[in-house]
Structure formats: C-alpha cells, structure tokens
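Residue-level structure breakdown
Spelled out from the first residue to the last, the chains are:
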Amino acid sequence: MLVNTKAKVGVFSIALGAYLPQFPSLVPEFEAQYAAFKKTIPDTVEIIDGGMVTTKEQAMEAGDRFRAADVDLVFLQMLTYATSYNMLPAIRDLDVPVVLVNVQKLKALDYEHTDIASWLGEGYACGAVGEAVADLERAGKRHAVITGVVEGGDPAVQAEIEDWCKAAQVRRRFRETNIAQIGRPYPGMMDLYIDETNLYNRMFLYTKQFDWEKMWAIADDITDEDAIRAKAQDILDTFEIEGGGTIEKVWDMAKYVVAFEQWVKDEHLGMIASHYDGFAQGKAGVLDSMLIPAFSMLIKQGTACAVEGDMKVAMAMSILKTISGTGQLSEMYSIDFNDDICIIGHSGSGDADISDKKPTMKIVKVFHGKTGGGYLTQFYPYLGPVTYLAITQDKDGNFKFVVAEGVNEEGPILSFGDTNMRTRFTCGAREFVNRWSEAGPTHHMAAATGRHIDTILKVAKIFNVPVEIVTR
C-alpha cells in the first residue's frame, strides 16, 4: 500500500497487588507470562506497552500512554484474579474496544500437588473476567473476551488476536489517510450522497475535494520516461488488452498512473470516489477514456477507487482490502432463476487481486449511463467463498454495515466488459435479494475473496457501528 497503516495497539496485564508480597514467586512468573504474551501480537501493529499493572496508580500511567499514542485497540491479559480498579483507570478515557485475553498457562492443574501460589500463577484467570466485563459495561466501554490456554499452543487464540489486529488496522487507515472526491456523485443517486462533516465525526475520515479541471492536468509535468515505461509494462503485465497491447499503446495511460500514484502520496489518500459528467472532449476525453484501468492500478496497490462518486462503497472496499487483501466494487446485476444464482458485478475499476486469471481490457464506444467511451476492465473473481460488505446510513446519519457471505460458482457470466460473478447464498437467490434490499444497503457493495464476517464484526465494534448479517 502507498500509505503506512500500522495500527497502534495498547497492551497491558493485571494482577492483584495483594498477592505479590504473600507469594513472591508470582512476580517472575507473571513477568514471564506477560513477556510471552506480547510476542503473540503480530508485527503488523505497533505495541504501546502499558506494563504489568497491580495498582490503580499503575493503571493510570498505562492509560496516559494509551491516550498519548491514540491506540486503535487495547489487549488486556488477565494474569490471575485482579480487581477491576486495576483495569478501569487504564481505559477510562479511551473510545476503543478492550479485548480481555483470558489465557490460562496450563491445560489443567495437578490437583494433588498444587499449592496456592501455583494455582494463582498457572491456573487462575477466568474468575476475574466476569467482574471486568461487568464494569466495562457500567463504564459504557466496548469489549470482547478471548479464552484459551498457553500449554501446547492454542491456534484459536492466536487467530483471534491476529483478527483483532487486522480490524485495528482499518481504524488506523481511516485516521491517517483521506478520501478524495473528484467531481460529485452520479446525479440522482441519492443513496450515495453523504455529509462529509458527519463522515469525519463518526468514521474519522477526512474528505478532500478535487475538480476535474485539475485532474486533467495532473500528468503534464510527468517527464521521467523510465518511470513511464516501467509503469506501462506494469499495465501490460496486469491486463490482457483486446487487440494486443504495446508500451506505446498504453504510454499516456502510464503517465497518468505515475501522476496519480504521486498524488495519492502527496495527499495521503487511502480512498478515491469519482464521477465525471462533462463533455469528454480534448484532455477531458483522454483522461476519461483511460480512467478505469488507471484507477485499477491504484486499487492494486491498496487505494480503494470507487466509481459514481460513491464514498461509502470506497470505504467498504478499503475495509475489505485492509483485512483480506481484496476489495472489489459490486452491485446486483441479475438473478438466474434456473440455477438459483445471483449475478453480481460492476463496470469500472477493479481489483486485480480478486481475479483468478489475467483481467481483460477492451475499448467500448459508450460507457453505459455515463459520458464518453474508452477502456473497460473485466476481472474474473475466484470461485469459492466470497464476502459482501455495504455501508449505509439511517435517517439520523448513523452508519451501518450490511454483510453477507456466499459462494462463487462456475458457470456462464456476462462478457461485455463488466466484472461479474455467480454467487450462491444459503438462503437462495430470491430470499437473499429480499433480505439484502430490506437492509437498505445502497445499491453498491464491496466484495472480497473468502469469509470475513467475523473480522468485519470486529471492525464494526472498533468503529461502534451496528452490523446487519443477511446470510452466512
């Protein structure tokens, strides 16, 4: 990706201070357990270390570190029983979830030979979790619990920790990058309209507005022929071009891609939503004709690019790209009632990482429903599990995630240049369309290879956004 999105994760552990002078052996035991726990946090995030907390004062110091770092998430390791006052001062002023890691050192105690110190140190954590959650609830804090064991390894615990870290990366990406709006949304698509101030207040995402007149000139100063040639080759390596492709044929497109990449870096962009509704003449026509593959090259590098000016689906694409590596703009295309299959896809820019074979690029005379003509790109999503995510809003401006999982199956697809796939849902095509539509998702959604609802639920908890699961 073009922008650093390494999440900041607060980590601390708690134990009851009264135990330590009574059982001095617990101090090195707990220190070792805490050091081992920190090593389970993936290096995709930056650890903000709150230390081992046994008093209210230490908890306050941990909270100061977390606030100063603007953490995206907090992991709390439950070492043994501890009062909730060891926890609350550390998270009192934070607005992120607290994940209580209730991981016992031993699978089971040696009942006949266990003394109090070894019980408290190696076999007791679970008793403090209910107390901690009760007080997190009373404090209005979001929370989750992971229970498992250290002895012998626990893949389920490790997977949960890594999943939470992926979700935290989304918050960091939204806070550190901006969304570009070029032009305005497609006229009349009122489901796409958005209040940028509300977007910033609720989702941390700042909008930068750009006029098309400025974008037409974006490549005028690009003169590095080696960089243009390398990007042209990258385009040829990415797409199978109808009628054959050459460096010369995509030269102007490559100039724009080089310029767009620098623009993304300069403006700290993680998402772009654009729509052009002009006359497509002169320089405007040149850029408009090649915008779809040019933006596809940005998506390949991690910058979500949405057509029709849809900022909400750009956000959904970015979420899926961050947590899964793929994020494809989609909408309902058709229903195959014979096979009980939904045909789902979209024209415009796409994600090469979702394509099972080399995407194709072809020239069309007319962009349906839009100004001008030019290059269309068609991607061929992998067969197997697929996840759909839409972001919508209610009448008060609150955001909501709408999600579904299905399976992409082999079979005939449309071949006029638009990406599309055949998705089967457990509830059937007819019922899926009913349920999905009743959720009010807007007419766009993002698609990703694999099953990702569980991770999306974590993202939603971090953003404090409700989720409607249509089917899985």
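Residues numbered from 1 in each chain as written. Predicted model: local features only at pLDDT ≥ 70, side-chain atom pairs only at ≥ 80, totals over all residues. Heavy atoms only, no water.

An unreviewed UniProt entry lists the protein chain under the name L-arabinose isomerase, with Blautia caecimuris as the source organism.

Structurally, the position occupied by Tyr111 is in the loop between strand S4 (98–104) and helix H5 (116–122). For the pair Tyr111 and Ser437, spaced 326 residues apart in the sequence, the C-alpha separation amounts to 57 Å. (Helix = DSSP H or I, 4+ residues; strand = E, 2+ residues; numbered from the N terminus.)

Once that is clear, we can look at the sheet that holds S4. Read from one edge to the other, the open sheet built from 5 strands follows the order S2-S1-S3-S4-S5, with strand pairing classed as parallel. Each edge of the open sheet is held by one strand with a lone partner, namely strand S2 (45–53) and strand S5 (143–149). Within this sheet the neighbouring strands show an average axis-to-axis angle of 20°, counted without direction. Pairing of strand S3 (residues 73–78) with S4, which is carried by 4 bridges, proceeds in the parallel orientation. Looking at the pairing, Val74 lines up with Val98 of S4. Running over the sheet, helix H2 (residues 26–38) touches strand S1 (7–14), S2, S3 and S4 and is turned about 170° from S2. (Pairing = 2+ DSSP bridges. Axes fitted to C-alpha atoms, helices over the stretch in contact; angles between N-to-C directions. Contact = heavy atoms within 4.5 Å.)

We now examine unusual backbone geometry. In most cases, non-glycine residues show a negative phi, while peptide bonds are predominantly trans. Positive phi values are uncommon outside glycine, yet Asp70 reaches one of about 55°. Among the structural elements, Asp70 can be located in the loop between helix H3 (56–69) and S3. A relative accessible area of 25% means that Asp70 is categorised as partly exposed. In this structure, Thr442 takes a positive phi of about 70° despite not being glycine. You can see Thr442 is positioned in the loop between helix H14 (429–438) and strand S18 (445–449). (Buried < 20%, exposed > 50% of the residue type's maximum accessible area, 1.4 Å probe, protein only.)

Right, let's get into the pairing of strand S16 (residues 399–408). With respect to burial, S16 is a largely interior element, 8 of its 10 residues being buried. Alignment of strand S15 (residues 384–393) against S16, held across 10 bridges, turns out to be antiparallel. Residue pairing for S16: Thr387 is matched across the bridge by Glu405. A loop of 5 residues connects S15 with S16, the two strands running antiparallel in sequence, and Gly397 in this loop sits at a positive phi of about 85°. In this structure, S16 lies alongside strand S19 (residues 467–471), joined through 4 bridges in parallel fashion. Directly across from Val402, in S19, lies its bridge partner Glu468. As judged from the 2 bridges shared by S16 and strand S17 (residues 419–424), these two strands associate in the antiparallel manner. From the neighbouring strand, Asn408 faces S17, where its bridge partner is Thr423.

What follows is about the pattern of salt bridges. Pairing between side chains of opposite charge can happen when the charged atoms of each approach one another. Enumeration according to the criterion identifies 32 salt bridges in this entry. Taking the shortest distance from any N to any O, the salt bridge between Glu267 and Lys208 comes out at 2.8 Å. Placement of the pair is Glu267 in helix H11 (residues 251–267) and Lys208 in strand S7 (residues 206–210), with a sequence separation of 59 residues. On the basis of relative accessible area, Glu267 is assigned to the partly exposed category, the value being 22%. On the basis of relative accessibility, which here comes to 22%, the residue Lys208 falls in the partly exposed class. Linking Glu468 and Lys400 is a salt bridge whose minimum nitrogen-to-oxygen distance equals 2.8 Å. With Glu468 in strand S19 and Lys400 in strand S16, this residue pair connects regions lying 68 residues apart in the sequence. (Salt bridge = Lys/Arg side-chain N within 4 Å of Asp/Glu carboxyl O.)

With that out of the way, let us pick up H14. Looking at H14, one finds that the buried residues are Ala429, Phe432 and Trp436. Along the axis of H14, the buried positions cluster into a sector of 55°, meaning they face one direction only. Exposed residues lying more than 90 degrees from the buried face of H14 are Arg430 and Glu438. If you follow the buried residues of H14, they end up packed against strand S11 (328–336), strand S12 (341–346), S15, S16, S18 and S19. Looking one or two residues beyond H14, the residue adopting positive phi is Gly440, at roughly 65°. (Arc of directions from axis to C-beta.)

At a closest axis distance of 9 Å, the pairing of H11 and helix H12 (residues 282–300) adopts a crossing angle of 65°. Read as a crossing pair, H11 and H12 show a hand that is right-handed. Packed against H11, whose contacting residues are Asp252, Met253, Tyr256, Val257, Phe260, Glu261 and Val264, the element H12 presents Lys283, Val286, Leu287, Met290, Leu291, Pro293, Ala294, Phe295, Met297 and Leu298 at the interface. Counted by class, the contact of H11 with H12 contains 14 nonpolar, no polar and 3 charged residues. (Left-handed = near helix turned anticlockwise from the far one by under 90°. Nonpolar A, V, L, I, M, F, W, Y, C, P; charged D, E, K, R; others polar.)

At their nearest, the axes of helix H10 (residues 225–238) and H11 sit 8 Å apart, and the two run at 105° to each other. In this view, H10 runs roughly perpendicular relative to H11, as classed from their interaxial angle. Contact with H10, carried on its side by Glu225, Ala227, Ile228, Arg229, Lys231, Ala232 and Ile235, involves Trp251, Met253, Ala254, Lys255, Val257, Val258 and Glu261 of H11 and no other residues of that element. Within the contact of H10 with H11, the residues separate by chemical class into 9 nonpolar, no polar and 5 charged. (Parallel < 35°, antiparallel > 145°, perpendicular 65-115°, else oblique.)

Generally speaking, a soluble globular protein has its nonpolar side chains buried in company with each other. Core analysis: the largest hydrophobic core is formed by 126 residues, its most contacted members being Phe12, Phe75, Leu100, Phe260, Trp263, Ile272 and Phe401. Of all the elements, H11 adds the most residues to this core, at 10 residues. Leave out the neighbours within four places in its chain, and Phe401 touches Met203, Ile319, Leu389, Ala390, Ile391, Ile456, Val459, Ala460, Val465, Pro466, Val467 and Glu468. In terms of nonpolar packing, the next biggest core, distinct from the first, is built from 17 residues, Val386, Tyr388, Ala390 and Val470 among them. (Core = buried A, V, L, I, M, F, W, Y, C linked by side-chain atoms within 4.5 Å.)

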